[in-house]
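# A structural walkthrough
Residues per chain are reported as follows:
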Amino acid sequence: MKKMEQLYEGKAKKVFATDDPNYCIVDYKDDATAFNGEKKGTIVGKGVVNNRMTNFLMKLLEKQGVPTHFVEELSDREALVKKVTIVPLEVIVRNIAAGSLSKRLGIEEGVKLSRPVIEYSYKNDALGDPMVNEYHIFAMNYATPEELSLIADYALKVNAFLSSYLLEHGIELVDFKLEFGKTADGTIVLADEISPDTCRLWDSTTHKKLDKDRFRRDLGGVEDAYNEVFRRLLGE
Ligand code: UDP
């Protein structure tokens, strides 16, 4: 499929049209942002890690019965994906208290939650992605009850599979963010990415942070952490 005009440029990826209206090409950048774009930087090689890790995990998730937008890896930084309309929600799943949950509820980082927690944010940079609940989502038509129920089922399935898969590779899945899209025929599929940009990943023995918190909190060793996750999962 031919790469055509750029449709969109986000903080970490560019999206291009192809000669088939049902498909797009995603191109991953090394640009990093945090705190709603306030902090900017570069994580050298991040685009390659995030593209290849996302593609690898999406293939595994398809086998687990979670439909995704992924079609084919085209290069180190590019993937062919189904064209979708993004459901305007960030779907966050948490296993261990960290980040905004720790702050909001006064729970120390690292405390294991007795069961997974799902949270939703309305995807809107100008508003700082405010947290919303089911009532907001249905009243504002961000998703229908049927769509949201499917999204929550998929999110928990992704969590169950990824948690145990990552643990086999010495990584604790603390929390993560998913996005879902709707294909032309209305099918809900997992979209966006699953990477150290969008997951909190801790070494399961040392609890060392192996994710974007190293960039957010100026902990150093950002590239090494991304490469370490890549190496453990893809063995390269
Ligand atoms: N997350 C993300 N994009 C966002 C907000 C959160 O990928 O715009 C991920 C984040 O990396 C973490 C999880 O979602 O793995 C939960 O994030 P949290 O709500 O704690 O927000 P943060 O502390 O990152 O601001």
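Right above here is the structure, for reference.
Description of the structure in this document. Quick caveat, the model's predicted, so the values are computed rather than measured.

## A short note on the environment of K209
Locating K209 in the fold gives a position in the loop between β14 (199-203) and α5 (213-216). Once the C-alpha coordinates of K209 and I171 are considered, the two residues, 38 residues apart in sequence, prove to be 9.6 Å apart. Other than its neighbours up to four places away in sequence, K209 contacts E109, L201, W202, R214, R217, L219 and A225.

## Concerning the environment of A191
Along the chain, the position of A191 falls in strand β13 (residues 188-191). Considered as a pair, A191 and L178 are 13 residues apart in the sequence and their alpha carbons are 7.5 Å apart. Beyond its immediate stretch of four places on either side in the chain, A191 contacts M58, H69, V84, I86, E179, F180 and G181.

## A few points about the site of the ligand
Inspection of the region around the ligand gives 15 residues, with R94, S100, D175, R200 and R216 positioned closest. In the environment of the ligand, an oxygen atom lies 3.1 Å from a nitrogen or oxygen atom belonging to the side chain of E90. Here D175 contributes a side-chain N or O atom positioned 2.6 Å from an oxygen atom of the ligand. Within the complex, the protein chains bury 77% of what would otherwise be the 500 Å² of accessible surface of the ligand. The set of elements that each furnish at least two residues to the shell around the ligand consists of β9 (89-96), α2 (99-105), β12 (171-182) and β14. For the shell around the ligand, the residue count by class is 4 nonpolar, 3 polar and 8 charged.

## Remarks on the sheet that holds strand β3 (residues 23-28)
Taken together, the 5 strands give an open sheet; going across it, the order is β1-β2-β3-β7-β6, and neighbouring strands pair in antiparallel fashion. Since the sheet does not close on itself, it has two edges, and those belong to β1 (3-9) and β6 (70-73), each with one partner. Between one strand axis and the next, the sheet turns by 30° as a mean value, whatever way the strands run. Where helix α1 (residues 46-63) meets the sheet, its contacts fall on β3, β6 and β7 (78-82), and the angle it forms with β6 comes to roughly 130°.

## Regarding the pattern of salt bridges
Evaluated as defined, the whole model comprises 27 salt bridges. Notably, a salt bridge pairs D197 with K46, separated by 2.6 Å at the nearest N-O pair. In this pair, D197 sits in the loop between β13 and β14 while K46 sits in helix α1, placing the two residues 151 residues apart along the sequence. Accessibility classification places D197 together with K46 in one group, the buried group. Of the charged contacts, one joins D213 and R200 as a salt bridge, the two residues approaching to 2.6 Å between their closest N and O atoms. In this pair, D213 sits in helix α5 while R200 sits in strand β14, placing the two residues 13 residues apart along the sequence. Take D213 and R200: they sit in the same class, and that class is buried. If you follow the salt bridges from partner to partner, you end up with R94, R104, E109, E119, D175, R200, K209, D213, R216 and R217 in one network.

## Describing the pairing of β12
Counting buried positions along β12 yields 10 of 12 residues, so the element is predominantly enclosed. Here strand β8 (residues 85-86) pairs with β12 via 2 bridges, running antiparallel. The residue bridging T85 from the neighbouring strand is K182, located in β12. With 4 bridges joining them, β9 and β12 adopt antiparallel strand pairing. Following the sheet pairing, I92 is matched in β12 by K177.

## Regarding unusual backbone geometry
If you check the backbone angles, D129 has positive phi at about 50° while not being a glycine. As for its position among the elements, D129 is in the loop between β10 (112-122) and β11 (131-132). Backbone geometry at D218 places phi at a positive 55°, although glycine is not the residue there. By the element assignment, D218 lies in the loop between α5 and α6 (222-234).

## Things to note about the packing of aromatic side chains
Enumeration according to the criterion identifies 4 aromatic pairs in this entry. Between Y122 and Y142, the aromatic rings sit 4.3 Å apart at their centres with planes inclined by 5°, giving stacked as the arrangement. Here Y142 lies in the loop between α3 (134-139) and α4 (145-168) and Y122 lies in strand β10, a separation of 20 residues in the sequence. Here the two residues Y122 and Y142 agree in accessibility, since each one is buried. Taking the centre distance of 5.7 Å and the plane angle of 20° together, the rings of F161 and Y165 count as stacked. Taken together, the positions of F161 and Y165, both in helix α4 and 4 residues apart, correspond to about one turn of that helix. Of the two residues, F161 and Y165, neither departs from the other in class, the shared state being buried. One cation-aromatic arrangement involves K3 over F16; the distance from NZ or CZ to the ring centre is 4.2 Å. The ring of F215 has K39 sitting right over it, with the charged end atom 5.2 Å from the ring centre.

Thresholds, definitions, all that
Residues numbered from 1 in each chain as written. Predicted model: local features only at pLDDT ≥ 70, side-chain atom pairs only at ≥ 80, totals over all residues. Heavy atoms only, no water. Helix = DSSP H or I, 4+ residues; strand = E, 2+ residues; numbered from the N terminus. Contact = heavy atoms within 4.5 Å. Near = heavy atom within 4 Å. Polar contact = N/O pair within 3.5 Å; in protein donor to acceptor, adjacent residues only side chain to side chain. Areas by Shrake-Rupley, 256 points an atom, 1.4 Å probe, with all protein chains shown as cover. Nonpolar A, V, L, I, M, F, W, Y, C, P; charged D, E, K, R; others polar. Pairing = 2+ DSSP bridges. Axes fitted to C-alpha atoms, helices over the stretch in contact; angles between N-to-C directions. Salt bridge = Lys/Arg side-chain N within 4 Å of Asp/Glu carboxyl O. Buried < 20%, exposed > 50% of the residue type's maximum accessible area, 1.4 Å probe, protein only. Phe/Tyr/Trp six-rings, centres within 6.5 Å; stacked < 30°, edge-to-face > 60°. Lys NZ or Arg CZ within 6 Å of the ring centre and 35° of its normal.

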